[in-house]
Amino acid sequence: MYMELKLQYNNTSNILIATGNAHKFKEIKEIIGGCGGLNPIFLDKSYGIEIIEDGKTYEENAKIKAAGYIDYLNKKPDLKKFLDIQFILSEDSGLEVERLDGAPGLFTARYAGENASDSSNIEKLLMEMSLKKECASNRRAKFVCYACLYDTTENNFQYFYGELSGFIAENASGTKGFGYDPVFIVPEFNKTAALLDSAQKNAISHRGTAFRKAADAIKSKLNIHG
Ligand code: IMP
């Protein structure tokens, strides 16, 4: 298993993306892809990395995820040595809906319950919005993202923020992206995020903004220009 990783990632600075979510990894890899000399590494669910997100803020949860991967690698010295990670990048993101007083917020991933599917989360969101009769016309919402960068050589954590404002659609449309994308209307395109190409989404998304800032910080640490 390790050999496959080696073949894929045999270059300069290895950066571990601390997520088990393949969709998020794909987006993050595309976002920081322009940062020459960086090899984004993904440890998929088969590695069995369990993280309990019990932080009280997005930043705390982002740090808990990075720290969880640090602990995991410390318990697997051969894998740690093999991967030779210089940076760990994690994130915590969520959806905040005005009509629901900022919910689902920190509970976005598990709005309809632990391990809820994207479609049941969306169903719950649309139901909660329809039950709340006040301000019925207000469908404003935003995605927020806090990226956390851990530098193994400096042993410190840095945070980077991004957000994307939009509206919640009455019905789902589109099949691209993940999570709440099918009901999140991006005003700039007047389409749901699930109808956008990944390049269009990444150019304006909460994750795109936060991770481009993180990539800039990495570039300046590594003295990469351009
Ligand atoms: P977590 O950061 O993994 O705890 O989960 C955040 C949750 O927010 C995800 O599971 C998605 O449901 C949702 N989410 C975050 N970013 C996006 C996005 O770009 N599109 C759609 N849903 C998102």
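Residues numbered from 1 in each chain as written. Predicted model: local features only at pLDDT ≥ 70, side-chain atom pairs only at ≥ 80, totals over all residues. Heavy atoms only, no water.

Undergrad: Describe unusual backbone geometry, naming the residues involved and giving the relevant values.
TA: For the peptide bond that leads from Ala-103 to Pro-104, omega is 0°, which places it in the cis range. Among the structural elements, Pro-104 can be located in the loop between strand E3 (85–97) and helix H5 (118–131). Residues other than glycine seldom take positive phi values, yet Asp-101 does so here, at roughly 55°. On the accessibility criterion, Asp-101 (67% relative accessible area) is exposed. One non-glycine residue with positive phi stands out, namely Asn-190, at about 50°. Checked against the element boundaries, Asn-190 lands in the loop between strand E6 (184–186) and strand E7 (191–192). (Helix = DSSP H or I, 4+ residues; strand = E, 2+ residues; numbered from the N terminus. Buried < 20%, exposed > 50% of the residue type's maximum accessible area, 1.4 Å probe, protein only.)

Undergrad: Give a detailed account of the pairing of strand E2 (residues 38–41), specifying residues and quantitative values.
TA: Every second residue of E2 is oriented toward a common face, with Leu-38 and Pro-40 on one face and Asn-39 and Ile-41 on the other, all of them buried. Taken together, the four bridges between strand E1 (residues 13–17) and E2 define a ladder with parallel strand orientation. Following the sheet pairing, Ser-13 is matched in E2 by Leu-38. (Pairing = 2+ DSSP bridges.)

Undergrad: Requested: an account of the site of the ligand, with residues and values cited.
TA: If you check the shell around the ligand, you find 16 residues, and the closest are Lys-24, Ser-93, Asp-181, Lys-201 and Arg-207. In this structure, Tyr-180 approaches the ligand through a main-chain N or O atom, which is 3.1 Å from a nitrogen atom. A distance of 2.6 Å separates a nitrogen atom of the ligand from a polar side-chain atom of Arg-207. Across the complex, the protein chains shield 92% of the 490 Å² of accessible surface that the ligand would expose by itself. Elements represented by at least two residues in the shell around the ligand include exactly E3 and helix H7 (206–222). No other element matches E3, which puts three residues into the shell around the ligand. Across the shell around the ligand, the residue classes tally to four nonpolar, four polar and eight charged. (Near = heavy atom within 4 Å. Polar contact = N/O pair within 3.5 Å; in protein donor to acceptor, adjacent residues only side chain to side chain. Areas by Shrake-Rupley, 256 points an atom, 1.4 Å probe, with all protein chains shown as cover. Nonpolar A, V, L, I, M, F, W, Y, C, P; charged D, E, K, R; others polar.)

Undergrad: Give a description of the environment of Ser-13 that names residues and reports values.
TA: Relative to the elements of secondary structure, Ser-13 occurs in strand E1. Counting along the chain gives 198 residues from Ser-13 to Phe-211, while the straight-line C-alpha distance between them is 17 Å. With residues up to four places along the chain from it excluded, the contact list for Ser-13 reads Gly-37, Leu-38, Asn-39, Gln-86 and Leu-222. Here the side chain of Ser-13 touches Gln-86 through a polar contact of 2.9 Å, side chain to side chain. (Contact = heavy atoms within 4.5 Å.)

Undergrad: Would you mind going over the packing of helix H2 (residues 22–32) against H7 in detail, with residue names and values included?
TA: Here H2 crosses H7 at 50°, and the two axes come no closer than 9 Å. Judged by the angle between their axes, H2 and H7 are oblique. The handedness of the crossing between H2 and H7 is right-handed. Every residue of H7 that contacts H2 at Lys-24, Glu-27, Ile-28, Ile-31 and Ile-32 is listed here: Arg-207, Gly-208, Phe-211, Arg-212 and Ala-215. Split by residue class, the contact of H2 with H7 holds five nonpolar, one polar and four charged. (Axes fitted to C-alpha atoms, helices over the stretch in contact; angles between N-to-C directions. Parallel < 35°, antiparallel > 145°, perpendicular 65-115°, else oblique. Left-handed = near helix turned anticlockwise from the far one by under 90°.)

Honestly, that's just the spatial picture; any functional story needs more than this.
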